[in-house]
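Given next are the chains, with one letter for each unit.
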Amino acid sequence: MLTTLRRIVLEFSQSSELECALLRMVTQVRTAMNTDCCSVYLADYQNQNFILTASDGLAERAFGQTTLGFSEGLVGLVGQREEPINIADAKNHPNFSHAPEVGEEELSAFLGAPIIHQRKVLGVLAIQQKETRGFTEEEEAFLVTLSVQLATAIANAEARGILGKKQDNGKWLKQLQGIAGAPGIALGQMITIQPKADLASISLEKFGANNNRDMQIELFENAVEETRSDFVQMSIKLSEIIQDDSLHIFEFYKQLLEPTNLGHEISDKIQLGWNAQSALKLVIDHYIVKFEALEDPYLRDRVSDIRDLGNRLLFNLQQQSQLDTQLPEQFILVAEDVTASMLAEYQHKGLQAIVSLCGSNNSHAAILARALDLPAIMGVESIPLGQLNNQVAIVDGYSGELFIAPHQSLKNEYKLLIKEELKLTKKVREVTHLPTITQDGRSIELLLNAGLSSGFEHSKHLGAVGIGLYRTEIPFMNRSCFPTEQEQTHLYKAVLTAFPQQAVTMRTLDVGGDKTLPYFPIKEDNPFLGWRGIRITLDHPEIFLVQVRAMIRASCHTKNLEIMLPMISNVTEVDDAICLINQAYFELSSEFFLENGQVLSRPKIGIMLEVPSVIFQLKELAQRVDFFSVGSNDLTQYLLAVDRNNPRVADLYDAYHPAVLKALNTIAQESAQYLIPLSLCGELASEPAGALLLLAMGYDKLSMNPHNVPKIKWVIRHINYHHSKIMLSHVLSFSTAQQVHSYLNEQLEQLGLGGFIRAGM
Ligand code: PEP
Ligand code: MG
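Values in this document were obtained by computation on a predicted structure and should not be read as measured data.

1. Notes on the overall build of the chain
- Each helix and strand counted, the chain has 26 helices and 22 strands in total.
- Here the chain, with 761 residues, has 54% of them falling under the buried criterion.
- Here the chain displays about 33200 Å² of accessible surface, and carbon together with sulfur accounts for 50% of that area.

2. Quick notes on the coordination of the magnesium ion (ligand 2)
- Summarising the metal site, the magnesium ion (ligand 2) is bound by the protein donors Glu610 (OE) and Asp634 (OD), whose distances to it range over 2.0 to 2.2 Å. With Glu610 in the loop between β19 (604-609) and α20 (618-622) and Asp634 in helix α21 (residues 632-640), this residue pair connects regions lying 24 residues apart in the sequence.

3. Observations regarding the packing of helix α6 (residues 248-257) against helix α10 (residues 303-318)
- Running from N to C, α6 and α10 point in directions that differ by 60 degrees, and their axes come no closer than 11 Å. The orientation of α6 relative to α10 falls into the category oblique. Crossing hand, α6 versus α10: right-handed. Counting all contacts with α6, which are made through Ile249, Phe252, Tyr253, Leu256 and Leu257, the residues of α10 involved are Asp305, Ile306, Asp308, Leu309 and Leu313.
- Tallied by class, residues from the contact of α6 with α10 come to 8 nonpolar, no polar and 2 charged.

4. Examining the sheet that holds strand β17 (residues 504-507)
- Sheet architecture is closed into a barrel: 8 strands sit in the order β15-β16-β17-β18-β19-β20-β21-β22, paired in parallel fashion. Taken over all neighbouring pairs, the strand axes of this sheet differ in orientation by 25 degrees on average, direction set aside.
- Pairing of strand β20 (residues 627-630) with strand β21 (residues 678-680), which is carried by 3 bridges, proceeds in the parallel orientation. Within β21, the position partnered with Val630 by the bridge is Leu680.
- Helix α16 (residues 485-498) rests against β16 (467-471), β17 and β18 (561-565) of the sheet, and its axis sits at about 150 degrees to β17.

5. A closer look at helix α25 (residues 721-731)
- Among the residues of α25, those classed as buried are Tyr721, Ser724, Met727, Leu728 and Val731. For α25, the angular spread of the buried residues around the axis is 110 degrees, confining them to a single face.
- As for α25, its buried residues are in contact with α22 (658-673), α23 (688-697) and α26 (737-750).

6. Digging into the site of ligand 1
- For ligand 1, the set of nearby residues contains 15 residues, the closest of which are Arg471, Gly631, Asn633, Asp634 and Arg644.
- In the model, an oxygen atom of ligand 1 is placed 3.1 Å from a nitrogen or oxygen of the Ser632 main chain.
- Residue Asn633 places a main-chain N or O atom 2.8 Å away from an oxygen atom belonging to ligand 1.
- Out of a free accessible area of 280 Å², ligand 1 has 99% covered by protein chains.
- Those elements that place two or more of their residues in the shell around ligand 1 are β16 and α21.

7. Description of the packing of aromatic side chains
- Counting across every chain of the model gives 11 aromatic pairs.
- Measuring from ring centre to ring centre gives 6.2 Å for Tyr470 and Tyr492, while their planes differ by 85 degrees; the resulting arrangement is edge-to-face. Here Tyr492 lies in helix α16 and Tyr470 lies in strand β16, a separation of 22 residues in the sequence.
- With a centroid separation of 6.1 Å and 75 degrees between ring planes, the pair formed by Phe476 and Phe482 is classed as edge-to-face.
- A relative accessible area of 25% means that Phe482 is categorised as partly exposed.
- An aromatic cluster of three or more residues is present, and its members are Phe476, Phe482, Tyr519, Phe520 and Trp531.
- Directly above the aromatic system of Tyr45 lies the positively charged group of Lys120, at a separation of 4.7 Å from the ring centroid.

8. Some remarks on unusual backbone geometry
- At Lys559, a position not held by glycine, the phi torsion is positive, near 55 degrees.
- Secondary-structure assignment places Lys559 in the loop between α18 (541-554) and β18.
- Backbone geometry places Met567, a non-glycine residue, at a positive phi of 60 degrees.
- Inspection of the secondary structure assignment puts Met567 in the loop between β18 and α19 (571-596).
- The buried category is assigned to Met567, whose relative accessible area is 1%.

9. Some remarks on the sheet that holds strand β5 (residues 109-117)
- The strand order β3-β2-β1-β6-β5-β4 describes an open sheet built from 6 strands, whose pairing is antiparallel. Two strands bound the open sheet, and with one partner strand each, they are β3 (67-69) and β4 (85-87). Ignoring which end each strand starts from, the neighbouring axes of this sheet average 20 degrees apart.
- Relative to strand β2 (residues 49-56), strand β1 (residues 37-44) is paired through 7 bridges, and the arrangement is antiparallel.

10. Section: the environment of Met378
- Take Met378: it is sitting in strand β12 (residues 376-378).
- By relative accessible area, which is 1% here, Met378 ends up buried.
- Separated by 198 residues in sequence, Met378 and Ala180 have C-alpha atoms that sit 6.5 Å apart.

11. Structural notes on helix α13 (residues 408-429)
- With 22 residues, α13 extends 32 Å from end C-alpha to end C-alpha; this agrees with the ideal 32 Å at 1.5 Å per step.
- Every buried residue of α13 is listed here: Leu410, Lys411, Tyr414, Leu417, Glu421, Leu424 and Val428. Along the axis of α13, the buried positions cluster into a sector of 140 degrees, meaning they face one direction only. In α13, those exposed residues whose orientation departs by more than 90 degrees from the buried face are Leu416, Lys419, Leu422, Lys423 and Lys426.
- Residues of α13 that are buried in the fold lie against β9 (185-192), β13 (392-396), β14 (401-404) and α24 (709-717).

12. As for the pairing of β5
- Most of β5 sits out of view: 7 of its 9 residues are buried.
- Across 3 bridges, the pairing between β4 and β5 is antiparallel. Each residue of the ladder has a partner; that of Ile85, found in β5, is Gly112.
- Where β5 and strand β6 (residues 120-129) come together, 9 bridges link them in antiparallel fashion. When the sheet's bridge partners are listed, Pro114 is paired in β6 with Val124.
- The turn joining β5 and β6, which pair antiparallel and follow one another in sequence, is formed by 2 residues; a positive phi near 45 degrees is taken by Gln118.

13. Some words on the pattern of salt bridges
- Scanning the model with the defined rule gives 18 salt bridges in all.
- A salt bridge links Asp56 to Arg30; its shortest N-O distance comes to 2.8 Å. With Asp56 in strand β2 and Arg30 in helix α2 (residues 18-33), the pair connects residues that are 26 residues apart, well separated along the chain.
- Between Arg644 and Asp634 there is a salt bridge, with its nearest N and O atoms 2.9 Å apart. Of this pair, Arg644 sits in the loop between α21 and α22 while Asp634 sits in helix α21, and the two are 10 residues apart along the sequence.
- You can call Asp634 buried: its relative accessible area is 3%.

14. Focus: the side chain of Asp396
- By secondary structure assignment, the location of Asp396 is in strand β13.
- Side-chain polar atoms of Asp396 contact the side chain of Tyr414, separated by 2.9 Å.

15. Some details on the pairing of β13
- Most of β13 is tucked away, with 4 of its 5 residues classed as buried.
- Two elements, β9 and β13, share 5 bridges in a ladder whose sense is antiparallel. Each bridged residue has a counterpart across the sheet, and for Gly188 the counterpart in β13 is Ala393.
- In this sheet, β14 lies alongside β13 in antiparallel orientation, the contact comprising 4 bridges. Within the sheet, the bridge partner assigned to Ile394 lies in β14 and is Phe403.
- Between β13 and β14, which pair antiparallel one after the other, the connecting turn spans 4 residues, and Gly400 there sits at a positive phi close to 80 degrees.

Cut-offs used in this document
Residues numbered from 1 in each chain as written. Chains lettered and ligands numbered in written order. Predicted model: local features only at pLDDT ≥ 70, side-chain atom pairs only at ≥ 80, totals over all residues. Heavy atoms only, no water. Helix = DSSP H or I, 4+ residues; strand = E, 2+ residues; numbered from the N terminus. Buried < 20%, exposed > 50% of the residue type's maximum accessible area, 1.4 Å probe, protein only. Areas by Shrake-Rupley, 256 points an atom, 1.4 Å probe, with all protein chains shown as cover. Donors = N, O, S within 2.8 Å, 3.2 Å for Na, K, Ca; no water. Axes fitted to C-alpha atoms, helices over the stretch in contact; angles between N-to-C directions. Parallel < 35°, antiparallel > 145°, perpendicular 65-115°, else oblique. Left-handed = near helix turned anticlockwise from the far one by under 90°. Contact = heavy atoms within 4.5 Å. Nonpolar A, V, L, I, M, F, W, Y, C, P; charged D, E, K, R; others polar. Pairing = 2+ DSSP bridges. Arc of directions from axis to C-beta. Near = heavy atom within 4 Å. Polar contact = N/O pair within 3.5 Å; in protein donor to acceptor, adjacent residues only side chain to side chain. Phe/Tyr/Trp six-rings, centres within 6.5 Å; stacked < 30°, edge-to-face > 60°. Lys NZ or Arg CZ within 6 Å of the ring centre and 35° of its normal. Expected span 1.5 Å × (residues − 1). Salt bridge = Lys/Arg side-chain N within 4 Å of Asp/Glu carboxyl O.

Here is the structure:
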């Protein structure tokens, strides 16, 4: 039976046409289960009914015609109860609904199983038999197992097949769901971009005996030079408008092009007799396989960057003339895998939004899209690109919805929303230089979360008053060994001098969990509960001391450094880390004093509150450090025992869970009692509702991505502290996250702030 089941599911998922696949499947199931009829009813949520889509046993004329309301008939009952229903004599069941056109007069027994994908009933799979008998437990188990396995295949097939469906009388129908990659909305013509040169199409060849090895090397070197200059041009173009660290991708490309990396490996292959294109393909494929095998999702996401780099090199190698497609004035870029260089190339040519069939909101394209303020949808299910080219679409980057060929009424609705968005963005920018203060005079500081030095000068103008979290692990990632003290000093100095008058909080290395270093692999069954953050650096004082020395050294002139320790779970870790920081400080102080009589200032030291245990030791911790900063991303993950990166439990990961909010409130109250400054640097700070609640709780500072600073400032300037306290007291009385969300959404709408959480003003 297991083999039959696997075969049915495999054949189904490989089929390109949903309806044909269903027809074949019902016949296979009828035969395998030796029954008189097998049918599939698919749910139509617009019309709130199940449609008989395919059957082997019922009349063909009824396919696509016969419908049963969501609470109608035995099929409706299966859908409602979300469990299998096994009835020996269906016709005498009170829920039986007679549809003469289906021709089921002779059928008596009924067994139906719901087809459920991600908690949503997609349809019902039913078998029927002439004989009046209850189906066996084994038959029931088979049908349930089959429908569980078919659910994903049907969900994917629906997404693929939906493009082929006709629009029903003027209603938009073609709606695809992806991952919301960057907020914002766009309405325009889709232009699909295929990679210009494709390494996948290269067949491996060696150059013949008379061919010149040097010529192949020269060809390759010229291509490298051209590619390098392409990247310089692109990064110059982008740096005019990008104000954060996303440009880092071009550094990564340039590093890969260095003779010590790809260059040397490709030359080696040419030396072995491969022609330049084949050598390039061999090396890039090797890198792709290596990166795909990495556990770290950030590094795994670099595969598309490597492929992009390979194709660019190939393009220059082939010396193709760039095909400049006739682009419309404005367009939505759609590609199998939108890459950073595609964005760089098209962003000045009328790019309105991006849709990437691959990738997640961790991909560089999404990071860049957010930096460029372009709406983005990532990871839309695999649909043939060709079907999308030139079609008009609506991109909703808030919800991840893509509407293809929308009807005029939906277009009008979205046009209005776009206008309102523009107004809102303009309005928000007006407050950039004003203080972050509520209408009744309560102020709060807004700070930046940052990861690299580039672009700080611009970020400053967004109205933040310092850096609340500088994540140091990113510069440690794209390397082949730990950076030296000098390299780190250089890097940190750039950050510290960008905000010479304001505090810059640098977090010590927080690798482990989902962030691993290629040259320092950590293999664990439970990485988020394992060797991570301070646990690693205390076990490796040689790494910690070098980093802290570099930070202190870098701050010798600006004296604006604050050091923050990640993943603290007990008091001893704090004592040990302070001991090492003191050691570094005193060593350096005497060095500096002896060298040039300079006096170094000792940085303030703070800890991240992100492991639940610290909530119960705030007093002891407050006696040891100068400040606290809540890492709400991890605090949520650890309080709720929900992996922050696992899409299967994404619904459970919620910073508005009453337990998380109560923890945040306790932290605020106790910190005030111990007179210790408190900030929050997780994503919650950049959400309007989150910022309001944190303000009401008494947080002194909120740290967030540069892009969100003006928005949160505007929100705070337009509310009343007193009112936020009332909101907080309501929120703290709720027992479910759903209650919290609906109350906060309603409040934001009433306060005229709804435009920040959905499309439109
Ligand atoms: C956090 O956990 O909230 C945080 C800011 O740190 P990271 O997201 O880098 O773990
Ligand atoms: Mg964290």
